[in-house]
Amino acid sequence: MATKKIRKISGQPRDGMHGLPFRARLEQSVLAATATYANIHRGSGHYSIVSTHLYEQARKVVLEHLGLSGQKFVVIFCTPRRARILQTMIRPGSYHCLSSDDLYLPLGVRAMAVEKSALPKVASFLTGGGTARLVSRDWVVWKKIPERFEAGTPAILNVIAFARALQLVRHHGKESFAPELSQATTAEEILFQDELTKWSGSELLTKLASGMIGRGMQVPTDSGSKSFINLDHAASTPSLGPVWEAARKSWQASPQVQEELLVQSKSICAGFLGAPASTYDILFTSNTTEGINLVAENKAIDQEPDIEPVILNTLLEHNSNDLPWRMIAGSTLIRLSVDEEGFIDLVALETMLREYNLDRLHGKKRIRLVAISGASNVLGVFNDLIPISQIVHRFGAEILVDAAQLAAHRKIDMESAAIDYLVLSGHKVYAPFGTGVLAVKKGLLHFSDTEKDLIRKSGEENVTGIVALAKSLTLLRRVGMDVIEREEQVLTGKALLALGQVPGITVHGISRPDSPRFALKGGVIAFSLNGFMADRVAKELAGNAGIGVRYGCHCTHLLIKHMLHISPGLERFQRVVVTLFPGISLPGVTRVSLGIGNSEEDIDKLVEALKKMNPKLQRTHIREQMDSFTQSAVQRVY
């Protein structure tokens, strides 16, 4: 079915913002959503709960707009390219498609309202973070719809903006969102000018931290209102103030200015990554997961005669850097183990490459790609990419780096490290407006020209996300990645020492700042607490102290089971349990992750809250207060 046109309904507006200009109503709603932004579905903090409700409410808004029943239809949010692929997998007439482009909003959002019975019953065409309930080395329990079709972190704020815009156009018509060219600004002003232009280095870092969108918001706890403490940056980062301003201004940009924004943003990304235009191509994607899937698709069409391709990754990997490689027909996925601190053995890496590619001990199998994380989202360790890359290339393979957890914390130089592919997401670098980057050496992608053009256009439709990412990277470069690294190392060291004083705690991986490899440790700390399941710890921190953390397997099921010594028999039992009882919580770890804006005081409050926990004490009355907080936040947006 063709994309359904946006309809206009007469009547009085219901948004409660009668005194504001029409576009300002949308901006106010999205700013309210940005103030409580966090990653969705798998968090326990106030912000994650609010963002999840706002995102799920967007599905209801789409169905209401189309006049469809939620009993029969489900809404899947995706990019233009994903929507096109999904449409080829379902029968004609079983879906409706709405586009943010029809509203003159450069968000790159497609809302697919699909008959539930028409959706494929097998794994999604795009796999990775969020699509799997449980993962083993050789089997997967997939999530239900719609999450199974929304791989990776979706463009949460863009989806909310799109849904709110649908509500507004019901009364005013889509022309109200057409750019007001008299108020338009230039690409140079959007990307390089802001109220903090005169600052740099540590001073700029302090200014950015104090102006973080959502900082200091009061949230309910069982001991009264407290300022929310965000210790969940590895899941998603809040928006920097100037980044929100750049995103907002992109909505007003003329087509000509949008084209210039894309050109300059691509240059900014290339400069930040040390990926010169003479050597690398920059493609914009929806997130890291889509970037990895694109490389996997490319490998599927890049087959060599008389060779059985092998992909090598590690136990450290996020599902997004594991599941896509399993989908390549005719290929094999093998994994390097990691030590107790989360590091791979370079000798083992060299041995494996030698056996497959030089000594040819495995028949026709050849390792063609090593796909490795730049930093772990559980143990917080940074892989030493230069020696890894040197070993990989010595044996004729290519290297892909998942930089989702790396880009906001350490300097990247793709050319110096000879990295072939690198992927990252904007929502991990203080630009949570739904874009990602695939930086790839020229000549490595073998899609047809038509498909390359579709990939490019799909990613570049989200001008808002691209501008937000470019603005954030510009700000981080003005601060200096060495400054950020130094500040985070100091805070991480103090956090490890403080957590070590909590009775019954086990910090996984590097647990002390005097570790010989502490220089390769970032501000991601996973721990277990005796007497508590990980979900209980996270929920107690939220309800008792207003602290947002994350719990569970963190989309790294293989690593968590390795860390917790889950036996094959228990693993099979877990498979049965999650199949029969999808809502049950499995063993996992609690994760604290630091970012811009965190302080020693945040660590002190975390440790104080952990020390006060009592496994025998059940608190239930805070749930009602948190529900009220969530409903108020939803009403401010919709």
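Residue positions are given per chain, counted from 1 along the sequence in the order it is written. Whole-chain, interface and lining totals are the exception, using all residues; otherwise, since this is a predicted model, local features are given only for residues with pLDDT of at least 70 and side-chain atom pairs are given and counted only at 80 or more. Excluded from the side-chain calculation are hydrogens and water; included are all heavy atoms of the structure.

Visitor: Just checking my understanding: could you explain the sheet that holds strand 10 (residues 308-314) for this structure?
Guide: Each strand in a sheet pairs with another by means of backbone hydrogen bonds, the pair being arranged parallel or else antiparallel. Read across the open sheet, the seven strands follow the order 9-15-14-13-12-10-11; overall the sheet is mixed. Each of the sheet's edge strands pairs with one partner strand only, and the pair in question is strand 9 (280-285) and strand 11 (332-336). Going from strand to strand, the sheet's axes swing by 20° on average, the running direction of each strand aside. Of the pairings in the sheet, the one linking strand 10 to strand 11 comprises five bridges and is parallel in character. Across the sheet, residue Asn313 finds its bridge partner in strand 11, namely Arg335. Contact definition: two residues touch when any of their heavy atoms are within 4.5 Å. Fitted lines through C-alpha atoms give the axes, limited to the stretch in contact for helices. The angle between two N-to-C directions lies from 0 to 180 degrees. Strands are runs of DSSP state E lasting at least two residues, helices are runs of H or I lasting at least four, and both sets are numbered from the N terminus onward. Sitting on the sheet, helix 9 (residues 288-301) is in contact with strand 9, strand 12 (365-373), strand 13 (398-402), strand 14 (421-425) and strand 15 (436-441), with an inclination near 150° to strand 14. Against the sheet, helix 12 (residues 385-394) contacts strand 12 and strand 13, and its axis sits at roughly 150° relative to strand 13. Pairs of strands are assigned from DSSP output, requiring at least two bridges between the strands.

Visitor: Looking at this structure, how should I read the packing of aromatic side chains?
Guide: Geometrically, a pair of aromatic rings is defined through the distance of the ring centres and the angle of the planes. Centres within 6.5 Å make a pair out of two Phe, Tyr or Trp rings, where for Trp the six-membered ring is used; the pair is then stacked when the planes are under 30 degrees apart, edge-to-face when over 60, and tilted otherwise. Inspection of every chain in the model, using the stated rule, returns four aromatic pairs. Ring centres of Trp244 and Trp251 lie 6.2 Å apart, and the angle between their planes is 85°; on these two criteria the pair is classed as edge-to-face. When a residue's accessible area, from a 1.4 Å probe over protein chains only, is under 20% of the maximum for its type it is buried; when over 50% it is exposed; and in between it is partly exposed. With relative accessibility at 4%, the residue Trp244 sits in the buried group. A positively charged side chain is recorded as over a ring if its NZ (Lys) or CZ (Arg) lies within 6 Å of the ring centre. The angle to the ring normal must also be within 35 degrees. When the ring centre of Trp139 is taken as reference, the NZ or CZ atom of Arg575 above it lies at 4.4 Å.

Visitor: How do you make sense of the pattern of salt bridges when you look at a structure like this?
Guide: Salt bridge criterion: a side-chain nitrogen from Lys or Arg within 4 Å of a carboxyl oxygen from Asp or Glu. Scanning the entire structure with this criterion turns up 38 salt bridges. The closest approach of N and O atoms between Asp232 and Arg591, which form a salt bridge, is 3.7 Å. Residue Asp232 is located in the loop between strand 8 (229-230) and helix 7 (241-250), and its partner Arg591 is located in strand 20 (residues 589-593); the two are separated by 359 residues in the primary sequence. Judged by relative accessible area, which is 6%, Asp232 ranks as buried.

Visitor: Would you mind going over the side chain of His557 with me for this structure?
Guide: By the element assignment, His557 lies in helix 18 (residues 557-563). Looking at His557, the relative accessible area reads 6%, which means it is buried. Here Asn319 takes part through its side chain, which lies 3.1 Å from a polar atom of the side chain of His557. Contact partners of His557, with chain neighbours within four places excluded, come to Ala132, Arg133, Leu134, Val135 and Asn319. Here a polar contact is taken to be a pair of N or O atoms separated by no more than 3.5 Å, where protein atoms must pair a possible hydrogen donor with a possible acceptor and residues adjacent in sequence count only if both atoms sit in side chains.

Visitor: Even after reading the chapter, I still don't get the confidence of the model for the protein chain, so can you show me in this structure?
Guide: As a per-residue quantity, pLDDT reports the predictor's confidence and falls between 0 and 100. For the protein chain, mean pLDDT is 93; residues scoring 70 or higher make up 95% of the total. Overall, residues 1-16 carries pLDDT values under 50, and its contacts beyond four positions in sequence, including any with other chains, amount to 46 contacts.

Visitor: For this particular structure, what's the right way to read the sheet that holds strand 16 (residues 505-507)?
Guide: Pairing is antiparallel across the open sheet formed by four strands, whose spatial order is 16-17-20-19. With one partner strand each, in any of the chains shown, strand 16 and strand 19 (550-552) form the two edges of the open sheet. On average, each strand axis in the sheet is tilted by 30° relative to the strand beside it, whichever way the strands run. Relative to strand 17 (residues 524-529), strand 16 runs antiparallel, the two being bridged by three bridges. Note that in strand 17 the partner of Thr506 across the bridge is Ser528. Together, strand 17, strand 19 and strand 20 form the strand contacts of helix 17 (residues 534-545), whose direction differs from that of strand 19 by roughly 165°.

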